[in-house]
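Analysis of the macromolecular model
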Amino acid sequence: MASPSWPEASSGSLLPMPSFTERQRSLSSSSRLERPSEGELSAGSSKNLGLLSCSRLERPSEDELSTGSSRNLGLLRGSRLERPSEGELSGSNLAQDNHLKSVDLDHVITLLEGTESDKSEEQLQALKKLIKHYESGIPLKDLTQISNILNLCAEKSQLHHIFIEPTCEILKLYGCLKGRLQFTSMTCYWLTIPTEMITRLPFYKKNSSDEGNYAKEVQESIAQLGYLMRVPYSQVRIQICKSVISFYHAEPPKKEFEEENCKLMMKAQAPTRLCSHLNDVDPSGQFLFRSSEILWNLLEKSSNEEIINQLSNLACVNALKEVFLNLFLHGSSHYDRQLRNDILVISTLIAQNPGAPMIETGFAKQLILFATFFEVKSHNPLVKGFKLTYCYEDFELKKLLFNMLTVFSKDVSTVQLLHEGKVMLALFHYVKPNEKPGVLDWSAAQYEELQLHAIATLAIVAPLLVEDYMTCQGNTRLLMFLEWCAGNVTSHTLAKCQDRPQWGGLVQAWSGEEQKPKAGGMAKHGPGSDPFFGQGNSFHGTGGRGNKLAQMRYCLRVLNPVVSLGDDAVNLDLCDQGAIHQLLGILKNTTNNFKEKEDAIVVGIQTDIFLTLSTLCENNVHRKEIFGWEGVDTLIPFMKMDAKKFYSGLGHNRLLFSALDCLWCCVMGCTILEDYFLEREGLFTLLDLLVLNEANVCNLILGILVEFCDNPKTVSHINVWRGEKDQTAANLLINLWRQEEEEMGVKHDKLGRIADIKRPLVGHFQKQQEIIRMPATCPTVAVMDVAENMRAKIYCLICKLGFENLPGLSAKDFVTLAIICRYLDFKVGEIWSEVCAELKREQFRPVTADQEALQVITEAFQNVGKMVVSLQNEMLESKQYQELREEEKGYAKIQSLYKQKEMVNKSWENFLTRTSNYEALKKAKRRQERSIDASRPKERQRNATFHPTDIKGLNITVASGRLVTVESTPAELTGGPLMDTELALKRLPIRGGALKGVKGVKIMDSFKKDSVSVQ
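The residue numbers shown here count from 1 along each chain, following its written sequence. Local features in this predicted model are restricted to residues of pLDDT 70 or higher, and side-chain atom pairs are both shown and tallied only at a pLDDT of 80 or more, whereas totals for entire chains, interfaces and linings draw on every residue. Side-chain measures here rest on the full set of heavy atoms in the structure, leaving out hydrogens and waters.

Structural notes on the overall build of the protein chain
Each helix and strand counted, the protein chain has 48 helices and seven strands in total. Only protein chains enter the accessibility calculation, which uses a 1.4 Å probe; a residue is then buried when its area is under 20% of its type maximum, exposed when over 50%, and partly exposed in between. Classification of the 1015 residues of the protein chain by burial places 44% in the buried group. Here the accessible surface of atoms and residues is derived via Shrake-Rupley with a 1.4 Å probe, and residues count as covered only by protein chains that are part of the display. As presented, the protein chain carries roughly 55000 Å² of accessible surface, and 53% of it is formed by carbon and sulfur atoms. Going along the chain from the N terminus, every DSSP run of H or I of four or more residues is numbered as a helix, and every run of E of two or more is numbered as a strand.

Considerations on the nonpolar core
The definition of a nonpolar core used throughout is a set of buried Ala, Val, Leu, Ile, Met, Phe, Trp, Tyr and Cys residues joined through side-chain atoms within 4.5 Å. Phe627, Leu660, Leu686 and Leu690 are the most contacted members of the largest nonpolar core, which has 176 residues in total. Top element by residues in this core is helix H29 (residues 549-564). It accounts for 10 residues. Beyond its immediate chain neighbours, meaning those up to four positions away, Leu690 contacts Cys698, Ile701, Leu702, Leu705, Leu732, Leu733 and Leu736. Counting 38 residues, the second-largest nonpolar core is a separate cluster that includes Leu105, Ile109, Leu130 and Ile170. Residue contacts are defined here by distance: any two heavy atoms, one from each residue, within 4.5 Å place the two residues in contact.

Notes on the side chain of Asn711
Among the structural elements, Asn711 can be located in the loop between helix H37 (695-708) and helix H38 (714-720). Any pair of nitrogen or oxygen atoms within 3.5 Å is treated as a polar contact; in protein, a donor-acceptor pairing is required on top of that, and neighbouring residues in sequence qualify only through side-chain atoms on both sides. Side-chain polar atoms of Asn711 contact the side chain of Glu674, separated by 3.1 Å. Residues in contact with Asn711, not counting those within four places in the same chain, are Glu674, Asp675 and Leu678.

Some details on a positive patch on the surface
On the surface, a cluster of positive charge is made up of Lys923, Arg926, Arg927 and Arg930. The residue Lys923 is located in helix H46 (residues 918-935) in this model. Each patch is assembled from residues with relative accessible area greater than 30% and no salt bridge, linking like charges that lie within 9 Å and nonpolar side chains (Val, Leu, Ile, Met, Phe, Trp, Tyr) that lie within 5 Å. Here, a salt bridge means any side-chain nitrogen of Lys or Arg that lies within 4 Å of a carboxyl oxygen of Asp or Glu. When charges are tallied, Lys and Arg are placed among the positive residues and Asp and Glu among the negative ones, while His and the ends of the chain are skipped. Where a charge sits is defined by one atom per residue type, namely NZ (Lys), CZ (Arg), CG (Asp) or CD (Glu).

Digging into the packing of aromatic side chains
Side-chain rings of Phe, Tyr and Trp, where Trp is taken by its six-membered ring, are said to pair if the distance between their centres is within 6.5 Å; with planes under 30 degrees apart they count as stacked, over 60 as edge-to-face, and otherwise as tilted. Summed over the entire model, instances satisfying the criterion amount to 24 aromatic pairs. The interplanar angle of 40 degrees and the centroid separation of 5.5 Å between the aromatic rings of Tyr795 and Tyr823 together place this pair among those described as tilted. A residue pair is termed long-range when its members are at least 10 positions apart, and Tyr795 in helix H42 (residues 791-801) and Tyr823 in helix H44 (residues 823-841) qualify at 28 residues. A single burial state applies to Tyr795 and to Tyr823, both of which are buried. Of the aromatic side chains, those joined through ring pairs into one cluster are Phe324, Phe328, Phe363, Phe370, Phe373 and Phe386. Each ring is checked for a lysine NZ or an arginine CZ that lies within 6 Å of its centre and within 35 degrees of its normal; such an atom marks a charge sitting over the ring. Looking at Arg557, its charged tip hangs above the ring of Tyr554, at a distance of 5.2 Å from the centre. Here the basic side chain of Arg791 rests over the ring of Trp737, its NZ or CZ set 5.9 Å away from the ring centre.

Here's the deal with the pattern of salt bridges
If you walk through the whole model with that rule in mind, you get 23 salt bridges. Across the pair Glu449 and Lys399 runs a salt bridge, and its minimum N-O distance is 2.7 Å. Highlighted residues: Glu449 in helix H24 (residues 444-461) and Lys399 in helix H21 (residues 392-409), separated in sequence by 50 residues. By relative accessible area, which is 13% here, Lys399 ends up buried. A salt bridge links Lys827 to Asp785; the nearest nitrogen and oxygen atoms lie 2.8 Å apart. Here Lys827 is found in helix H44, whereas its partner Asp785 is found in helix H41 (residues 781-788), with 42 residues between them in sequence. Exposure class is identical for Lys827 and Asp785. Each is buried. Salt bridges linked by common partners bring Glu741, Asp785, Arg791, Lys827 and Glu830 together as one network.

With respect to the confidence of the model for the protein chain
pLDDT expresses, on a scale from 0 to 100, how confident the predictor is about each individual residue. With 74% of its residues at a pLDDT of 70 or more, the protein chain has an overall mean of 77. In the model, residues 177-200 has pLDDT below 50 throughout and makes 65 contacts with residues more than four positions away in sequence or in other chains. Between residues 990-1015, whose pLDDT stays under 50, and residues either more than four places distant or in other chains, the model counts 62 contacts.

Digging into a nonpolar patch on the surface
A grouping of Val783, Leu824, Val828, Ile831, Trp832 and Val835 is seen on the molecular surface, where their side chains present a nonpolar patch of about 440 Å² in accessible area. Sorting elements by how many residues they give to the nonpolar patch places H44 first, with five residues. Within the secondary structure, Val835 is located in helix H44.

Focus on helix H8 (residues 143-157)
Over its 15 residues, H8 runs 21 Å from end to end, which matches the ideal 21 Å to within 8%, given 1.5 Å per residue. Of all 15 residues making up H8, 11 are buried, and the element is well covered by its neighbours. Residues of H8 that are buried include every one of Leu143, Ile146, Ser147, Ile149, Leu150, Asn151, Leu152, Cys153, Ala154, Lys156 and Ser157, and no others. An expected span of 1.5 Å times one less than the residue number is assigned to each helix.

Overview of the state of the cysteines
Defined by distance alone, a disulfide is two cysteine sulfur atoms within 2.5 Å. With the rule as written, the count across this model stands at zero disulfides. This cysteine, Cys670, is not joined by any disulfide, and Cys617 carries the nearest cysteine sulfur, 10.0 Å off.

Some remarks on the packing of helix H6 (residues 105-113) against helix H7 (residues 120-133)
Note on definitions: angles span 0 to 180 degrees between N-to-C directions of axes, and those axes are lines fitted to C-alpha atoms, for helices only across the stretch in contact. At their nearest, the axes of H6 and H7 sit 10 Å apart, and the two run at 150 degrees to each other. Considering only the axes of H6 and H7, their crossing is left-handed. Contacts between H6 and H7 pair Leu105, His107, Val108, Leu111 and Leu112 from the former with Glu122, Gln123, Ala126, Leu127 and Leu130 from the latter. Considering only residue class, the contact of H6 with H7 consists of seven nonpolar, two polar and one charged. Take the far helix as your reference; a near helix turned counterclockwise from it by less than a right angle gives a left-handed crossing, and one turned clockwise gives a right-handed crossing. Here the nonpolar group is Ala, Val, Leu, Ile, Met, Phe, Trp, Tyr, Cys and Pro; Asp, Glu, Lys and Arg are the charged ones; every other residue, Gly included, is treated as polar.

What about the side chain of Glu830?
Inspection of the secondary structure puts Glu830 in helix H44. Reaching out from Glu830, the side chain makes a polar contact with the side chain of Lys827 at a distance of 3.0 Å.

Side note on helix H30 (residues 568-576)
Of the positions making up H30, those classed as buried are Val570, Asn571, Asp573, Leu574 and Cys575. The N-cap residue of H30 is Asp567: its side-chain oxygen and the backbone nitrogen of Ala569 are 3.0 Å apart. At the C-terminal side of H30, Gly578 shows a positive phi close to 80 degrees.

Let's talk about the packing of helix H18 (residues 314-330) against helix H19 (residues 334-351)
Contact geometry of H18 with H19 gives a least axis separation of 9 Å together with a crossing angle of 150 degrees. Relative to H19, H18 is oriented roughly antiparallel. Crossing of H18 over H19 shows left-handed handedness. Taken together, the residues of H19 that come into contact with H18 (itself represented by Val317, Leu320, Val323, Phe324, Leu327 and Phe328) are Asp336, Leu339, Arg340, Ile343, Leu344, Ser347 and Ile350. For the contact of H18 with H19, a count of residues per class yields 10 nonpolar, one polar and two charged. Roughly parallel means an angle under 35 degrees; roughly antiparallel means over 145; roughly perpendicular covers 65 to 115; every other angle is labelled oblique.

A short note on the environment of Leu587
Locating Leu587 in the fold gives a position in helix H31 (residues 579-593). In this structure the C-alpha to C-alpha distance between Leu587 and Thr634, which are 47 residues apart in sequence, comes to 7.8 Å. Those residues in contact with Leu587 that lie beyond four places of it in its chain are Gln606, Ile609, Phe610, Thr634 and Phe638.

Section: unusual backbone geometry
Positive phi is not limited to glycine here, since Gln473 has a value of about 50 degrees. With respect to the helices, strands and loops of the structure, Gln473 is situated in the loop between helix H25 (466-471) and helix H26 (474-485). With phi around 60 degrees, Asn693 is a residue other than glycine that occupies positive phi space. Positionally, Asn693 belongs in the loop between helix H36 (682-691) and H37. A relative accessible area of 33% means that Asn693 is categorised as partly exposed.

Following this line, the structure appears as structure tokens:
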């Protein structure tokens, strides 16, 4: 079949190049693709199709390279572009080098060493010529002489200023970027500076041995730049710094010609034409190889989207299908398998385009068959009798086919093909341990990688094929696999499937001969002696080396999306098999076993378990009861995690989110669990989390607290809670309100009062939003604001707590509380304001009655704002008055202290006066006696006996003791003070109610020591 003619691209000129030879021009410049002649296609079809060839597959043989089959096809060889041979860089092949040889560096050095002043012009001309010739880079072999010339110029610049500019120009050669960009065919010199810093220098080598031969000269030359800082001119020093900086910040040579040629090939529709001719007759066997390499390099160097769009047509997809089928069925060599895998990768990229005709061509159905025939028996003649080997290329093919299934799952139209191809059954083939690998089988590491890859694919495909999932008893398989991952595969677990006759094979596959107990003994590998150890070599096996965590993680990732579908049959079957208790057990085991050393995979497992439990128990009280106290006890420690872990990068923030979501879905709504959660001080834990003020967590915690307030016991727990410095819950909520409004940009004055009575709750973002026409069902900006911040939840919580008698609030808190109390009124006012603004924007005038009603409503809500401001002012005035009274009390207390101190000092002075001056003592005594007399009553009762308390003859002003002995009865009657009172009373005769004949009464005074007897 004759090939269509190749259209010519616009002959755009390439970027300028140095003076290359014709040989190099043929290697590096081409503005369009030349169509190969019929003879070339028949005799050697790969002669002119070696474009973009890499060593990704097998490198062509030396004979092919020597005969010229890829002589002129060196374009776009990617990152493995071969450097020109030494013959090409030497002799007549490098005109630039020939041109540089015309500069006699020894003559320039001799000229500069001369001291004649009349040769300055000649010296400058020689330097300009040298700079011109080396502006594209310095050869390594000339670097020593260039350094000598630079030193001579630096010395002369100190005597003659005219040499400053040539010195700077030579220094620029050391930081030349032009040479880096243009000499792409020359190998730049990569030097290791003594400071062990890898730098890119603008030097190129002529021979491959120059790099090692001139290493020392380069080091000395670079070190010499530092010594040139002695030149006392700022221009020279600045240029030295720029050159040194350029060593560390230079970019590697850009392959501009490759990119330019790629653009030209894209304009010429090269991908489409190459792909459509993949099945052409090719006796040499090189056409397919070269074409695939060109496509690969175009994908690397050009826009993938543009190339895929060009390849997404019937002709290209059909060609790829036929090529892949031929290589899959008939390819046997290492070369064929590699080429087959490359074709499959290109096909995968095309399949990602929704417009690619993968289904129409039958390529999708064919690939699904190849992906599943190894696990599911098929009678399709394509794969009848075909077997995969266990070589590395077939291993890679298996992974690529799994990846293709995930690509197909993104297109709804392929779901039926996945169902017909029994993809679910093929993937579930790997949801079991690899207990008995054979000699001719995948190795343990390969099987684990395929197993993890299959389970990861299952997580994407299973939600699309729920019926197939249930037909394969996916819940049972996954739960059994989870128990194996946890090391708890027991006879009870295997008995789950024995009631299902159709799953006798599943039980046998899990139990096997190794699980059967021998006579007189236990199973060879029981639950505690599982010989499996994960390899952890693959991408999916990260973190699973020496354990089964990788398998557990991907098994949970299958359960989570399936459960999230909300299918009642799936979730009921899962719960009936004890999934909730099993997941809680895994959660406790991972917590206990990895408490000291947590990593990302463990945290991810715990997160997935919480999310799965949340989905299962949401809106189902019976499942919440199954979650039970055990679930609450397991959940609370996760809410007490250290706040430092939130920033560890292991996913603890997601774990906390999932734990709070599990609390909301699995505990709330069940009164028994709510009460138990309160008994375990779980509410205090939530408030402690709220104190941390994590922006992403606060909103969720507030929502949980609002829901919890439906329980009558919650409010008392909230009021009892105390934080640091005896902070109360009410104070915490008000602080959160102020922080939220500060972030929103709500205007308040310095004292926290309302600044805009018309829009007291509006922030910066809401003010910037313009009124636009929306349907009545769409929420406005004011309504959306309720859901976008925490203020509505804080308002609901404080409503539950009550707006009065809140403990621990300051005057500033009461000012904010006045706004919170009227939050709902202010929100309604915002909505009415939006209604008025929308009417005005639409130039719609309401009828008079409605206009008056709008006016009244607007004024009413403005009055609410004024009332709140007035209340805030009263609170602030009350606070100011209270502070003033407290200040006065403080000053009064200080004044009384000073007055008391003065009285003490005055009393001490009087005491000293009395003790040192006898006359003063007598005056004081007289004042004391007059004071005593003045204190006594003037009128005395009749027949009353007066007992004087002063002692005559004492010249002291100290008062007598506090206790005195008053003897008002005559001694002859009582018998004296030593008379026994009881004996005296016994002898007293009683006549007419009076005592007579008693000689004396004895009075015993315990305080006689301090008493004074008065007669």
